[in-house]
Amino acid sequence: MTAKRKMQAKGAQVIGAMKEAVGKATHNRKLQAEGKAEKTAGQGLDVSEKTKDEVRKRWP
């Protein structure tokens, strides 16, 4: 996994979790949903990069 993509994935997860927490604290459903979506997108990016790495290991 490239370092840039890894940082993007982790950054999206952290920012999404923060938005979700702030949305819960302020009872802002839109912000909470936006945070959850961003966190999920970061997790998806992380999984796709890990899958690419596994394929590259097996097929040189």
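Residues numbered from 1 in each chain as written. Predicted model: local features only at pLDDT ≥ 70, side-chain atom pairs only at ≥ 80, totals over all residues. Heavy atoms only, no water.

- As recorded in an unreviewed UniProt entry, the protein chain goes by the name CsbD family protein, listed as coming from Streptomyces nigrescens.

1. Brief notes about the overall build of the protein chain
Consideration 1: The number of helices and strands found in the protein chain is 2 helices and 0 strands.
Consideration 2: In summary, the protein chain has a C-alpha radius of gyration of 14 Å against a globular reference of 10 Å for 60 residues, an excess of more than 25%.
Consideration 3: Seen through its C-alpha atoms, the protein chain measures out along the principal axes to roughly 50 × 15 × 10 Å.
Consideration 4: Classification of the 60 residues of the protein chain by burial places 18% in the buried group.
Consideration 5: Of note, the protein chain has its 15 positive side-chain charges centred 1 Å away from the centre of its 7 negative side-chain charges. (Helix = DSSP H or I, 4+ residues; strand = E, 2+ residues; numbered from the N terminus. Rg over C-alpha atoms; globule rule 2.2 N^0.38 Å. Buried < 20%, exposed > 50% of the residue type's maximum accessible area, 1.4 Å probe, protein only. Lys, Arg positive; Asp, Glu negative; His and termini not counted. Charge placed at Lys NZ, Arg CZ, Asp CG, Glu CD.)

2. Thoughts on unusual backbone geometry
Consideration 1: With a phi close to 60 degrees, H27 is a non-glycine residue in the positive phi region.
Consideration 2: With respect to the element layout, H27 can be found in the loop between α1 (3-26) and α2 (29-58).
Consideration 3: A residue is classified by how much of its surface remains accessible, and H27, at 72% relative accessible area, is exposed.

3. Side note on the UniProt feature "domain: CsbD-like" (unreviewed entry) in the protein chain
Consideration 1: Feature annotation in UniProt places "domain: CsbD-like" (unreviewed entry) on residues 6-57, given in this structure's numbering.
Consideration 2: Annotation note: span residues 6-57, helix share 96%, strand share 0%, distance between end C-alpha atoms 17 Å. (UniProt positions renumbered as here; feature names shortened; annotations may be inferred.)

4. Side note on α1
For an α-helix, the turn length of 3.6 residues means that residues three or four places apart are oriented alike.
Consideration 1: For α1, with 24 residues, the first-to-last C-alpha span of 34 Å sits near the 34 Å given by 1.5 Å per residue.
Consideration 2: Among the residues of α1, those classed as buried are A9, A12, Q13, G16, E20 and G23.
Consideration 3: Elements in contact with the buried residues of α1: α2.
Consideration 4: Positive backbone phi, approximately 60 degrees, marks H27, located one or two places after α1. (Expected span 1.5 Å × (residues − 1). Contact = heavy atoms within 4.5 Å.)

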